[in-house]
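Remarks on the overall topology
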Amino acid sequence: MASPSPDEYEIHDFRLLTPARLARVIFPLVACLLALCGCGEDVAKTDPHAELATAWDDYRSGDFNAAVHKFERVRAHSKEGSDDYNMALLGLATTWDLRRPDEDRELATTYYRKLAEVAPKSEVAAWGLFALARMKHLPPVGTNPDYPAVRAAYQDVIDRFPGTPAAEEAFLYQQSAWLATLSKADAQSAKTALENYLQTHAGTKYRSAIYDLLASACRILDLPKERLAYSIKALDSIEIDPTNPKRDKAGAYWRIASEAEFRAGDFDTARKYYNLLIREYPIDQRVFPAKLALERMDATEAKIRAELQGMSTTR
Amino acid sequence: MKKTLGFIKTYFALLLVAAVFLWAAFVIASYSRHEIKPGTTTLRIAHWQLEPGVRKALDVMIEDYRKIHPDVDILQDAIPESTFPQWVSTQLMGGTAPDIVELGQLDAATLVAYLGRYYVPLTRYISRPNPYNKGTDLEDTPLRLTYKDGMRDSYVEELQDFMKIPLTQFGMRVYYNKDLFKKLTGLDEVPLEYRAFLEVCKKIQSQKDSRDQAYIPLVGSKTHFAMWDKAIFQPLTYGGLKKIDFNCDGYPDKDETYIGFITKRVGMGYPPLAARLKMISEVRPYFQESYTGLSRDDGVFLFAQQRAVFIISGLWDSQSFRDQASGKFGLGVMEFPTPKKDDPEFGRFMPGPRYERADAGLPFGVTRTSKHPETAIDFLLFMASKDQNAKLNRISGWLSPIKGSKSEPELEVFEPHLQGIYNGMDVDFGGETGIRWSQLFSLFQIGQISQEDLTRQFDDFFQHQGKVEFAGRVGTWRRDAQRYEQLLAGMRATALLAPAASADDAWLRYRAANISRQLCYELAKNWQLAILKQGNAPGVIDPYEYSPEALKAIRERIAGKKETGQ
């Protein structure tokens, strides 16, 4: 075998040092190392439950790509149908459904449906089915909901997961969708359904919301006194989130007082709620208007009294 | 020598780059050396309060904090207001943001997005007592309730979390040059009644200084006019609420105002709105000429030069005005002039004083990239404690937002009026109508267009363009609902993952958020569309107008009482 000429050696050495050659050797090595490190982290270090929590944190803070990545990772390392797997699937579906921009409603639907397949009896699947109904109720901007399909989707949740919180919410949204037509016939049937629901679900945690919907039905049906009574019941059973300073009873006091004064003509009730607002929320913006309202009602009564007095004198 | 020059000439660009690099490396190294003292935790706090009082106050806070935490070092980054938004965005995105950052100077949507992505939620600290209130009457009070406003503005509805800790409370009043006022009017006290105040302005304007220039009664500029508008003109629109507050929540919103205008229930000629424009036309002659084209600083300059008597501003300017007046003139602060209840023109639109919210200001948040978030929050709690916060605000010359804190006597005039009337209609619509309004209103402010022309031209324009814009807004309703759905899904997940001990609370929060906003959102919006469709036909009653059924019920009740002798 002939030995290579010095030129050939030179050429050979030079070729060994080309960036392309270096890259061909080094990159796969680095990639292998990174992959090993990554896998090691996944398998050894990640607690799926903690990973899920941080994925949802990412979702909440709007870092959807990170959320998807983490949900995928948990799903890949959990047993199909396990709690972690189901929660990761719900996370993926929710993120693709509600991320803006770059949502993928089709993919979200696939995940929601898969959830119902792999864990048909789980609470998470109930919420997945409920989310599918919500997706129908909130179609892309520029298109209108297909209301019969929306109501049917809510009914599906009610039928497949009776007694669950998801089914309760589905019922409320279903009735709300009926009321949203503002038709008297729909309002009447919703009112009946809501009243029946209260009879059969005494322990519901949505009592206040049901009374609120009933008050809305009465507004459509032009029943001011019944509406006022339901609004008061809604307030009496309201659940206040103690951590939210923007949701207090001040708004409800003002609304009930206004309803009582201007629609029902029930000044005693109006005075009671205007005074509650003044007493319990002294720095609320509506306190001064509430005081003006108390004066206005006195003046209105005095005027009517004088009119009636005048009429009886004339007679 | 020639060789050296030649070398420099050849490699000038390279040498310049090297020199800049070395200088930058030196600066960074010296900054880092200061930052990283062995055995200490170093925090950085960034804000745009360049007033000397505030920086000094923060220095005192840092010093006091170090007395109890000697291992913590805190550095101030005071960034000019004009560059703060860009600076903070770059820092946050680059992951190099300071530990504690003043929040603001960004539009609301961007701020919410930043808060969600780059800041630490503070909710878990809000319901606990502030440990630095130990030994005070607020010792056992949850942090939130130690604030006069209950920290309402610290809560970010979109994130369902408290995100900021505010440290002060601002107010807005009229500052004036006491000596100049006395010299030009012969009066000791400024009249607070609107008509008498205008008379005083007239008298001031009729006199000239040594350079034969007329004195200016009121400092005007784009910024100052906006403040006057908010303080004395806009409250006259309070009565608009009874026409357009269709959901009866006591607040006017943009959609309601659109509906009010489209249905012609209101227009620019509607008495409360007309009263606002009328008052502007009465006051505007007392601003300096061409004031709408001037900046805030131009206005302040006139006041500092003693050419103008009155200037409107906030408590944030108090210290700098005092410094400018020091040794030159006496500085007074007064309430806003208000029409009397029996004022023939404006009395009926002004049934009370102007309402002022006790909102806390100077809010700070803690960034997610902070290496010591617990220490950063602890420092904020320290500054929010009753005694320390009083000290901070005493040095800054501001008001404390903490309950029970006494203001300095000269600051009492800034205490907010917690009862009164407020803006009943915001006609700054945005979109094309907003641009049209802004054009016409600017011309009106300088008297180049009459109130009648403004009213006619705007109402004509709105009847076409307003409808187009409102149709566009309806599309955004669903977008809003989807955004809220995104939030609710996150809250639901929190509840599903919560440990048994906190699951009930998490579900309660979820239900409350769901019911209070989303459940009836579509219904509420459909009501608005129904009101729009209904128009202003005869027999249509206003939100705060007695219905015939209500009047009947009242009559029957009174008649019944009379019959029974009650």
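Computed from a prediction, not measured in an experiment: that's the story for all the values here.

**Topic: the overall build of chain B**
- Across its full length, chain B carries 21 helices and eleven strands.
- Expressed along its principal axes, the backbone C-alpha trace of chain B runs to roughly 105 × 80 × 60 Å.
- Split into buried and exposed, the 566 residues of chain B put 53% on the buried side.
- If you take every contact in chain B between residues at least 6 apart in sequence, the share linking residues at least 24 apart comes to 75%.
- Positive and negative side-chain charges of chain B, numbering 71 and 70 respectively, have mean locations separated by a distance of 2 Å.

**With respect to the overall build of chain A**
- When helices and strands are counted, chain A shows 15 helices and zero strands.
- Contacts in chain A between residues far apart in sequence, at least 24 positions, make up 51% of those at least 6 positions apart.

**A look at the sheet that holds strand E11 (residues 360–366) of chain B**
Residues and elements named next belong to chain B.
- Taken together, the five strands give an open sheet; going across it, the order is E2-E1-E3-E11-E6, and neighbouring strands pair in mixed fashion. For this open sheet the edge positions go to strand E2 (72–78) and strand E6 (165–169), each flanked by a neighbour on one side alone. Neighbour to neighbour, the strand axes of the sheet diverge by 20° on average, direction disregarded.
- With two bridges connecting them, strand E1 (residues 41–47) and strand E3 (residues 100–102) associate as parallel partners. The partner of Ile45 across the bridge, within E3, is Ile100.

**Focus on a nonpolar patch on the surface**
Residues and elements named next belong to chain B.
- A cluster of nonpolar residues, Leu5, Phe7, Ile8, Tyr11, Phe12, Leu14, Leu15, Leu16 and Val20, forms a patch on the protein surface that exposes about 860 Å² of accessible area.
- Mapped by element, the contributors of at least two residues to the nonpolar patch are helix H1 (2–10) and helix H2 (12–35).
- Top contributing element to the nonpolar patch by residue count: H2, with five residues.
- Counting through the fold element by element, Phe7 comes out in helix H1.
- The partly exposed category is assigned to Phe7, whose relative accessible area is 46%.

**With respect to the packing of helix H3 (residues 48–60) of chain A against helix H5 (residues 83–98) of chain A**
All names here are of chain A.
- As a packed pair, H3 and H5 sit with axes 10 Å apart at the nearest point and diverge in direction by 10°. In terms of axis orientation, H3 runs roughly parallel to H5. Considering only the axes of H3 and H5, their crossing is left-handed. Seen from H3, the contacting residues are Pro48, His49, Leu52, Trp56 and Tyr59; seen from H5, they are Asp84, Met87, Ala88, Leu90, Gly91, Thr94, Thr95 and Leu98.

**So, the interface of chain B and chain A**
- Counting residues at the interface gives 80 residues for chain B and 86 residues for chain A.
- Overall, the association of chain B and chain A removes approximately 7400 Å² of surface from exposure, summing both partners, and the carbon and sulfur fraction of that is 57%.
- The partner of Arg247(A) in a salt bridge is Glu157(B), with the nearest N and O atoms 3.4 Å apart.
- Connecting chain B to chain A are 38 residue pairs in polar contact (both at pLDDT 80 or more).
- Listed by contribution, the elements that provide at least two residues to the side of chain B that touches chain A are helix H5 (108–118), helix H18 (451–497), helix H19 (500–518), helix H20 (521–534) and helix H21 (548–563) of chain B.
- Tallying contributions element by element places H18(B) first for the side of chain B that touches chain A, with 14 residues.
- Among the residues forming the side of chain B that touches chain A, the class breakdown is 38 nonpolar, 19 polar and 23 charged.

**Remarks on the domain arrangement of chain B**
- Here the domain parsing of chain B yields domain 1 (1–36), domain 2 (41–167 + 361–414), domain 3 (172–349) and domain 4 (431–534).
- Each of domain 1 of chain B and domain 4 of chain B has a C-alpha centre, and these two points are 56 Å apart.

**Concerning the pattern of salt bridges**
Residues and elements named next belong to chain B.
- Considering all chains together, one arrives at 48 salt bridges over all chains under this definition.
- A salt bridge links Asp255 to Lys525; the shortest N-O distance between them is 3.0 Å. Of this pair, Asp255 sits in helix H11 (residues 254–262) while Lys525 sits in helix H20, and the two are 270 residues apart along the sequence. You'll find Asp255 and Lys525 in the same group, each marked buried.

**A closer look at helix H9 (residues 222–233) of chain B**
- His224(B), Phe225(B), Met227(B), Trp228(B), Asp229(B), Ala231(B), Ile232(B) and Phe233(B) are the residues of H9(B) that are buried.
- Those residues of H9(B) hidden inside the fold are in contact with strand E7 (172–177), strand E8 (216–218), helix H12 (271–283), helix H13 (296–304), strand E9 (308–314) and helix H17 (431–445) of chain B.

**Section: the packing of aromatic side chains**
Residues and elements named next belong to chain B.
- If you walk through the whole model with that rule in mind, you get 58 aromatic pairs over all chains.
- Their ring planes at 85° and their centres at 5.2 Å tell us that Tyr132 and Phe382 sit as a pair that is edge-to-face. With Tyr132 in the loop between helix H6 (123–126) and strand E4 (155–156) and Phe382 in helix H15 (residues 373–383), the pair connects residues that are 250 residues apart, well separated along the chain.
- Under the relative-accessibility criterion, Phe382 is labelled buried at 5%.
- Here the guanidinium or amino end of Arg436 rests over the ring plane of Phe461, the centre of that ring lying 5.6 Å away.
- Positioned over the ring face of Tyr484 is Arg517, at 4.5 Å from the centre of the ring.

**Description of the nonpolar core**
- Among the nonpolar cores identified, the biggest contains 83 residues, and Met87(A), Tyr112(A), Phe130(A), Leu172(A) and Leu179(A) are the most heavily contacted of them.
- It is helix H7 (residues 123–137) of chain A that provides the largest number of residues to this core, a total of ten residues.
- For Met87(A), the residues in contact, after removing those within four places along its chain, are Leu52(A), Trp56(A), Val124(A), Ala493(B), Leu496(B) and Leu497(B).
- Residues Val266(B), Leu273(B), Tyr355(B) and Leu440(B) belong to the second largest nonpolar core, which totals 72 residues.

**Remarks on the pairing of E1(B)**
Residues and elements named next belong to chain B.
- For E1, the tally of buried residues reaches seven of seven residues, placing the bulk of the element in the interior.
- Going residue by residue along E1, you find Thr41, Leu43, Ile45 and His47 tucked away on one face and Thr42, Arg44 and Ala46 tucked away on the opposite face as well.
- Bridge count between E1 and E2: seven bridges; the pairing is parallel. Each bridged residue has a counterpart across the sheet, and for Ile45 the counterpart in E2 is Gln76.
- Following the backbone out of E1, through helix H3 (residues 52–68) and into the adjacent parallel E2, one traces a crossover that is right-handed.

**Concerning the confidence of the model for chain A**
All names here are of chain A.
- Mean pLDDT over chain A works out to 88, with 85% of the residues at or above the 70 mark.
- Across residues 1–17, confidence stays below pLDDT 50; counting only partners more than four residues off in sequence or on other chains, it has four contacts.
- Residue range residues 35–41 is modelled with pLDDT below 50. Its contacts to residues more than four positions away, or to other chains, number three contacts.

**Thoughts on helix H14 (residues 318–325) of chain B**
Residues and elements named next belong to chain B.
- Those residues of H14 that sit buried are Ser318, Phe321 and Ala325. End-on, the buried residues of H14 take up no more than an arc of 65°, which puts them together on one face.
- Residues of H14 that are buried in the fold lie against E7, H13, E9 and strand E10 (331–334).
- Immediately downstream of H14, the backbone of Gly327 shows phi near 80°, a positive value.

**Here we look at the environment of Leu122(B)**
Residues and elements named next belong to chain B.
- For Leu122, the position within the fold is in the loop between H5 and H6.
- Relative accessible area serves as the criterion here: at 0%, Leu122 is assigned to the buried category.
- Along the primary structure Leu122 and Phe162 are separated by 40 residues, whereas in three dimensions their C-alpha atoms are 5.2 Å apart.
- Filtering out sequence-adjacent residues up to four positions away, Leu122 remains in contact with Phe162, Met163, Lys164, Ile165 and Ile377.

Calculation notes
Residues numbered from 1 in each chain as written. Chains lettered and ligands numbered in written order. Predicted model: local features only at pLDDT ≥ 70, side-chain atom pairs only at ≥ 80, totals over all residues. Heavy atoms only, no water. Helix = DSSP H or I, 4+ residues; strand = E, 2+ residues; numbered from the N terminus. Buried < 20%, exposed > 50% of the residue type's maximum accessible area, 1.4 Å probe, protein only. Contact = heavy atoms within 4.5 Å. Lys, Arg positive; Asp, Glu negative; His and termini not counted. Charge placed at Lys NZ, Arg CZ, Asp CG, Glu CD. Pairing = 2+ DSSP bridges. Axes fitted to C-alpha atoms, helices over the stretch in contact; angles between N-to-C directions. Patch = residues over 30% accessible without salt bridge, like charges linked within 9 Å, V, L, I, M, F, W, Y side chains within 5 Å. Areas by Shrake-Rupley, 256 points an atom, 1.4 Å probe, with all protein chains shown as cover. Salt bridge = Lys/Arg side-chain N within 4 Å of Asp/Glu carboxyl O. Parallel < 35°, antiparallel > 145°, perpendicular 65-115°, else oblique. Left-handed = near helix turned anticlockwise from the far one by under 90°. Buried area = accessible area lost by both parts, 1.4 Å probe. Polar contact = N/O pair within 3.5 Å; in protein donor to acceptor, adjacent residues only side chain to side chain. Nonpolar A, V, L, I, M, F, W, Y, C, P; charged D, E, K, R; others polar. Domains from an automatic or database assignment. Phe/Tyr/Trp six-rings, centres within 6.5 Å; stacked < 30°, edge-to-face > 60°. Lys NZ or Arg CZ within 6 Å of the ring centre and 35° of its normal. Core = buried A, V, L, I, M, F, W, Y, C linked by side-chain atoms within 4.5 Å. Right-handed = clockwise from strand over helix to strand, strands pointing away. pLDDT = per-residue confidence, 0-100. Arc of directions from axis to C-beta.

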